[in-house]
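# Survey of secondary and tertiary structure
The residues making up each chain are set out below.
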Amino acid sequence: MKLIEIVHGKYVFQRRVLKLAKHIASWLPPNSKVLDVGCGDGLLDSLIAKQHKEPLEIEGIDVLLRKHTHIPVKLFDGTHIPYEDNSFDVVIFVDVLHHTEHLQILLKEAKRIARHSIVLKDHATDDMFAIPTLHFMDWVGNAHYGVALPYNYQSKLQWDKTFTELGLTVTSWKTNLNLYPLPAHWLFDRNLHFIAKLDVNKNVT
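Nothing here was measured: the structure is a model prediction, and the numbers come from that model.

Check the secondary structure of the protein and you find 6 helices and 7 strands. Sequence-ordered secondary structure for the protein, helices as α and strands as β, is α-β-α-β-β-β-α-β-α-α-β-α-β. Among the 205 residues that make up the protein, the fraction classed as buried is 47%. Partitioning the intrachain contacts of the protein with sequence separation of at least 6 by distance along the chain shows that 73% fall at a separation of at least 24. Summing over all exposed atoms, the protein offers an accessible surface of approximately 10500 Å²; the carbon and sulfur share of this is 56%.

Shown next, in the form of structure tokens:
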């Protein structure tokens, strides 16, 4: 595990967070107030703020609090987001929902506190050998942090059904994110990753 951690940290992690920051920043309105659910140490959020041309106010919540964080982070219970309705312009989830058994609950909570949209980065299982590949990626990236690994992945059809049931409208859907350097790109990018922008419909509960 030690060698894998070193390789992941040196050759994969930094490129991945920089690429994700660029993708996500392009979908955030200027001067918006943003909550990152499951933010970890907030490194990605600090990079999103640097990538954005206009100021952003970004806070985070997580079930585990790190000693050092790049943004203000609050502890939460993994199901209830501890903010009032419509407290933020945008809520973001980055590779978080497959770590919970409460996927729909968290999305409903995000809809409650988001005034405009939810930006979601996660996985889809439609590609051949997607599930074993995602299991391996999750284990390498998260096991040493003590992160829960229920491997709660969904297909594109399942995601669409979830969004429809919650009154979330997909306005943008992006795959082929090019997160990994060669040769890892051939194994771990494929169509395993997506970023979606979801507009909230407050009339559907």
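Continuing now.
Attention now goes to the pairing of strand S1 (residues 33-37). Taken across its 5 residues, S1 has 4 buried, putting it largely inside the fold. For S1 and strand S2 (residues 57-62), the ladder comprises 5 bridges, and the chain directions are parallel. Residue pairing across strands places Val34 opposite Ile58, the latter belonging to S2. Regarding the hand of the β-α-β motif, the stretch spanning S1, helix H2 (residues 43-51) and S2 is right-handed.

A few words on the confidence of the model for the protein. Looking at the protein, pLDDT values average 86 and 81% of them are 70 or higher. In the model, residues 1-11 has pLDDT below 50 throughout and makes 13 contacts with residues more than four positions away in sequence or in other chains.

Conventions and cut-offs
Residues numbered from 1 in each chain as written. Predicted model: local features only at pLDDT ≥ 70, side-chain atom pairs only at ≥ 80, totals over all residues. Heavy atoms only, no water. Helix = DSSP H or I, 4+ residues; strand = E, 2+ residues; numbered from the N terminus. Buried < 20%, exposed > 50% of the residue type's maximum accessible area, 1.4 Å probe, protein only. Contact = heavy atoms within 4.5 Å. Areas by Shrake-Rupley, 256 points an atom, 1.4 Å probe, with all protein chains shown as cover. Pairing = 2+ DSSP bridges. Right-handed = clockwise from strand over helix to strand, strands pointing away. pLDDT = per-residue confidence, 0-100.

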